[in-house]
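Chain residues, written in single-letter form:
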Amino acid sequence: MVSIEVRREDLLVSRADVQNLAGVFFAGYSPLIRPFVERMKMLLPEERRLGDPYVFGALRSEVAELRAHPHRILVVGRGGGVVEILRADLEQLIADRYPTFGHEGLNLPGLLFLQSSPSLQNSALQKLRQEHSFRIPEGRRTQRFVFHTIVAWLEADSDKITIEFDLDRLPQARGAECRG
């Protein structure tokens, strides 16, 4: 396992001025969080609880802390509200909607990381390369697969994002390696 820490200065290199690092995981109308939009509205002040797409944009500034571990995502709002999304909740939604889909490989921290802003993903790639000599092959689909697979947990607040990667989760093809 390897970890990286991303701070505001790291995102500035990617030309992204992010005021609230914990909010970077709500960069758009996410398929992961969409089924839980009613819960997420609790984190917003009453006057900001408008339509569903608006909620995700508003969350960028209202999320104080975020923790994603294999079996749950915990989102803490600036006003003190807390929303918990359990892996079992998401598995049940998937099983109801797509009964033949194998959700055993579902990785909550990896899915949450994939919905983050491109600037965070680029900064994470740079830090993995610089600090751990870990290289991911080019290509958006390849990178999405790798990140979904190896992000073991993440925690964020307004000052920093800490991400732990489990590099041993990657399948090893003969003669191919992501590591540098």
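Trainee: Before we go on, may I ask you to explain the packing of aromatic side chains in this structure?
Mentor: One pair of aromatic rings is described through two measures. These are the centre distance and the angle between the planes. By the definition in use, this model includes 2 aromatic pairs. When the ring of Phe113 is compared with that of Phe147, the centres are 4.7 Å apart and the planes differ by 55°; the resulting orientation is tilted. On the criterion of sequence distance, the pair formed by Phe113 in helix α5 (residues 108-114) and Phe147 in helix α7 (residues 140-150) is long-range, its members being 34 residues apart. Of the two residues, Phe113 and Phe147, neither departs from the other in class, the shared state being buried. Looking at Phe147, the relative accessible area reads 1%, which means it is buried. Joined through ring pairs, the aromatic side chains of Phe113, Phe147 and Phe165 make up one cluster.

Trainee: I'm lost on the environment of Leu44 in this one. Help?
Mentor: Inspection of the secondary structure puts Leu44 in the loop between α2 (37-41) and α3 (52-62). Along the chain, Leu44 and Val63 lie 19 residues apart, while their C-alpha atoms are 8.7 Å from each other. Setting aside anything within four residues of it in sequence, one finds Leu44 in contact with Arg49, Val55, Ala58, Leu59 and Glu62.

Trainee: Where do I start with the nonpolar core in this structure?
Mentor: Generally speaking, nonpolar side chains in soluble globular proteins are found buried as a group. Phe25, Phe26, Met40, Phe147 and Phe165 are the most contacted members of the largest nonpolar core, which totals 52 residues. Setting aside chain neighbours within four positions, we find Phe147 in contact with Gly110, Phe113, Leu114, Gln121, Ala124, Leu125, Leu128, Ile136 and Phe165.

Trainee: Can you walk me through the packing of helix α6 (residues 118-132) against α7 in this structure?
Mentor: If you want to describe how two helices pack, look at the angle between their axes and the distance between the axes. Running from N to C, α6 and α7 point in directions that differ by 75°, and their axes come no closer than 13 Å. In this view, α6 runs roughly perpendicular relative to α7, as classed from their interaxial angle. Taking contact as the criterion, the partners of Gln121, Ala124, Leu125 and Leu128 in α6 are, on α7, Arg140, Gln143 and Phe147. Residues belonging to the contact of α6 with α7 are distributed by class as follows: 4 nonpolar, 2 polar and 1 charged.

Conventions and cut-offs
Residues numbered from 1 in each chain as written. Predicted model: local features only at pLDDT ≥ 70, side-chain atom pairs only at ≥ 80, totals over all residues. Heavy atoms only, no water. Phe/Tyr/Trp six-rings, centres within 6.5 Å; stacked < 30°, edge-to-face > 60°. Helix = DSSP H or I, 4+ residues; strand = E, 2+ residues; numbered from the N terminus. Buried < 20%, exposed > 50% of the residue type's maximum accessible area, 1.4 Å probe, protein only. Contact = heavy atoms within 4.5 Å. Core = buried A, V, L, I, M, F, W, Y, C linked by side-chain atoms within 4.5 Å. Axes fitted to C-alpha atoms, helices over the stretch in contact; angles between N-to-C directions. Parallel < 35°, antiparallel > 145°, perpendicular 65-115°, else oblique. Nonpolar A, V, L, I, M, F, W, Y, C, P; charged D, E, K, R; others polar.

Scope: geometric values only; no functional claims are made or implied.
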